[in-house]
Structure formats: structure tokens, C-alpha cells
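# Fold and contact review
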Amino acid sequence: MAEPITLADDGTLVVPDEPIVPYIEGDGIGVDIWPAARAVLDAAAARSGHRVGWTEVLAGEKAYRETGEWLPTDTVDAFRQYRVGIKGPLTTPVGGGIRSLNVALRQILDLYVCLRPVRWFRGVPSPVRHPEKVDMVVFRENTEDVYAGFELDEGSPAARKLIEYLADELGWQIRADSGIGIKPISITGSKRLQRAALDYALARGRRSVTLVHKGNIMKFTEGSFKAWGYELVAEEYAGRAVGWDSCGGDPGERVLVKDVIADAFLQQILTRPDEYDVIATTNLNGDYISDALAAQVGGIGIAPGANINNATGHGVFEATHGTAPRYAGLDKVNPGSLILSGVLLFEHLGWDRAAADIVAALEATIADRIVTYDFARLMDRATEVRTSEFAAAIIDRL
Ligand code: NAD
């Protein structure tokens, strides 16, 4: 019988034999990619002796049609109660009360880690010569920075008042016709994100964690993010991780923690991507970096994502692309992003074998040149298949 996942006293997830997992099918191509992903996930789980108690919850257009709400309370409650969930893409309501359903879920559950693993799958068309050198896992801070939503519109009374206050109190001269955004970066927000990256690197045998920042210019936000990262390593990870300066770049068996300025990083992911492994970065940097890396491995259509709170065990796993409404219901698009998000879900549950099986089967399918239209049009001698056929081909190779 399906049961909820709970949290043990030591903060680890207690996963029953058949955990209840809420899912949001998603708008647009959600009707195509969710059934495909579910079939692959169920087949891989069964092979490892697991079973998922899927339970549908509503969000987006389907929710609006059936309940008049874009994000019903029941859905948020289900994600809160059952701790994990998976979702297809959602239409962002235009002019509605909620800016973005994804942002709302992240804020309500305080999902402070945005996890984006980026690697190349043999055969996937890529714009670079050596996509195989990219194998990184990006930890993007998800709750603060200029994305925190503290913005004032140019000309508004609040913007004017703040500009005056800053002039009076701090002597800052800001043009009267400015819009204003605030960039908060806290010790709490930075260290919990960096802790998640370090724990991941240690648990998965990764070599290094790189703090990517723009601290040469923004010293007390981005620069502090870097400083707090090294501080955390010294405080909590002695013997397990070490900062570059404390070991001259030779960490021995420990995880090496280094840092790089964001603009240099964007060059180096092209020129020497194999020098980077786990990445910990602030919100805005992380947004750009994840997409740049995904493009480098040709993977925008198959890039997975997860939003996680390591303290509560909450996690929402999602396709990183949108609803591609033009293709909805055509059984045509690539379900890879949602399938690989399911892999992250399984890893979160500790179902590492089922997760690894899916990755291997997906690799084998693409290596056999069995792909959906988006890859087929860029590949030689590809066999173009439908969404459902792609899923079936993966299941055959499990
Ligand atoms: P999109 O990702 O939906 O589509 C852009 C193009 O990318 C598509 O036309 C298609 O060519 C391609 N594409 C996307 N997913 C694909 C897949 N699985 N397989 C093959 N090709 C794929 O972006 P958009 O058109 O900017 O946004 C459409 C809607 O999706 C908007 O309402 C937007 O707000 C929403 N959106 C949601 C999410 C999310 O829920 N995570 C993310 C981005 C956009």
C-alpha cells in the first residue's frame, strides 16, 4: 500500500516500499512527456524491486479549468505532506495573481537548492567539439539575490522615497528616474546552499566544488558568498574538504574547494570544462550558467532540474523547458528532460540503482540513434521516433 515519505530525527528521508509521489502532468506537451516519463520510471523502479504510488495533483491550466485556481491549496499541501513531487512544464499565467507557479512552489516550500546536473550523452548533437568534457552539477541558490523580488518601479512613490533615503543617509547619488532592485545575499542562504553542494560532492565522490561569484565588483554580496564558502569548509568539513589556499591546490583525498569569477568561468567552461565538477553559485549567475552549460551539451531539451530543501527533504523535480504549446498532443517532443528529472527524484529517494539503469538505457537508446525530432534533425542516420516510442525504446534497453 502506498505510504507517505517521512523524515527521521537525524534529518534523513524514510522512504517506504511504495512511497506516495504527487505528480503534476503539466500544460502543453505535458500530456505527451508525462506518460512517457512515467512508463520509464515505473519500469526501472520495478526492476529494482521498487514501486511508486503516483497521485495526480493539479496546477496550471488543468487546475484553472477544473478549480478556478492556478495553484490549488491541495496541490501545495500534497507537496508539503509527501515531501517530493514531479512536474511537467506549466504555463505562466499572464496578468494573474501569481507571477510564476514554479517560483510560488519554490518560495512556499523554501526549496533553496536549484540542482542542475549537466553532462553529455554520446550521439547528442552539440555546438562544441568536445562536449564529453562537460560533466558538472550546478547548485544554484534559489531564494535570494536580485531574484528575491524586492523591486520598485521607476517613478513609484516607494522608489522615490528609497532614492531620497539613500541620498540622505548614505550620500548615494542614484538618478531620480531609476527603477530599483535589491540584492540580498545572506550567510544563512549562502552556507546552506554551499553545504548542499559539499555534501553532494562527498556523497557522490566528486573531486571539487567551485564557488562561482562576481566578488571582484560586488564585494559584500558576491564576494561575501565566496568568503563564507571557504569559512564553511574550515568550520564544518575539516579532513573531508579543503580550500585551494589551504592546500596549494593539492587536496589529497579531500574534496578541493576553489573559486572563480563568473565571467572567467563562462570562458573556461568552453576552453577547459574538464577542470570543473560541482558548482555552487548565487541565483542570477546560476540561471545563466545552467542554460549556457545545457546548450554546450546540446541538452536544452533533455536538461533535468530539481528544487530541493536539504533540511526538510522537500524536493520538486521538473522538466526545465516550457510547455511548447505548438507541439502539444502530437506525441512528438523529447521526454528526456522529465525522464532525467525522475532520475534525480530516484536519487533523492536513495534508489540509485534504478536511477543509474535509466541513465544507461537512455544513453544506449541515443547511441543507437533512436531519437525524437529535435535531435533527429541535427543527426546523421537517425531514426526519428515519437515521444511514446522513445520511451518504449528506453524501456527495452533497461
Ligand atoms: P518552451 O521551452 O516551451 O519552447 C521553446 C521551444 O523549445 C519549442 O517551440 C520547441 O521547439 C522546443 N522544445 C521545448 N521543449 C521541448 C521538448 N521537450 N522536446 C523538443 N523540443 C522542445 O519555451 P517558451 O515557448 O518560451 O514557453 C512556453 C510556455 O512555457 C510559457 O507559458 C512559459 O511561461 C512556460 N515555461 C514554463 C517552464 C516551466 O514550467 N518550468 C519553463 C519555461 C517556460
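Everything discussed here concerns the structure shown above.
A few points on the structure. These figures come from a predicted structure and were not determined experimentally. (Residues numbered from 1 in each chain as written. Predicted model: local features only at pLDDT ≥ 70, side-chain atom pairs only at ≥ 80, totals over all residues. Heavy atoms only, no water.)

Bringing the site of the ligand into the picture now. Around the ligand sit 18 residues, and of these Leu 90, Thr 92, Gly 322, Ala 324 and Asn 334 come closest. In the model, an oxygen atom of the ligand is placed 2.7 Å from a nitrogen or oxygen of the Thr 92 side chain. Ala 324 has a polar backbone atom sitting 2.7 Å from an oxygen atom of the ligand. If the ligand stood free it would expose 820 Å²; the protein chains cover 65% of that surface. Looking at side-chain class alone, the shell around the ligand contains 8 nonpolar, 8 polar and 2 charged residues. (Near = heavy atom within 4 Å. Polar contact = N/O pair within 3.5 Å; in protein donor to acceptor, adjacent residues only side chain to side chain. Areas by Shrake-Rupley, 256 points an atom, 1.4 Å probe, with all protein chains shown as cover. Nonpolar A, V, L, I, M, F, W, Y, C, P; charged D, E, K, R; others polar.)

What follows covers the packing of aromatic side chains. One pass over the structure, following the stated rule, counts 8 aromatic pairs. The interplanar angle of 85° and the centroid separation of 6.4 Å between the aromatic rings of Tyr 23 and Trp 54 together place this pair among those described as edge-to-face. Here Tyr 23, found in strand β3 (residues 20-24), pairs with Trp 54, found in strand β4 (residues 53-56); they are 31 residues apart in sequence, far enough to count as distant. Accessibility assignment for this pair places Tyr 23 and Trp 54 in one class, buried. Ring centres 5.1 Å apart and planes at 85° place the aromatic pair Trp 34 and Trp 54 in the edge-to-face group. With Trp 34 in helix α1 (residues 30-47) and Trp 54 in strand β4, this pair connects stretches of sequence that are 20 residues apart. Judged by its relative accessible area of 13%, Trp 54 falls in the buried class. By the ring-pair criterion, three or more aromatic residues cluster together here, those being Tyr 23, Trp 34 and Trp 54. The ring of Tyr 276 is capped by Lys 258, whose NZ or CZ atom sits 4.9 Å from the centre of that ring. (Phe/Tyr/Trp six-rings, centres within 6.5 Å; stacked < 30°, edge-to-face > 60°. Helix = DSSP H or I, 4+ residues; strand = E, 2+ residues; numbered from the N terminus. Buried < 20%, exposed > 50% of the residue type's maximum accessible area, 1.4 Å probe, protein only. Lys NZ or Arg CZ within 6 Å of the ring centre and 35° of its normal.)

Following the sequence through the fold, Glu 18 ends up in the loop between β2 (13-14) and β3. A distance of 3.2 Å separates a polar atom in the side chain of Glu 18 from a polar atom in the side chain of Arg 51. With near-sequence residues (within four places) excluded, Glu 18 lies in contact with Met 1, Ala 2, Glu 3, Arg 51, Val 52 and Gly 53. (Contact = heavy atoms within 4.5 Å.)

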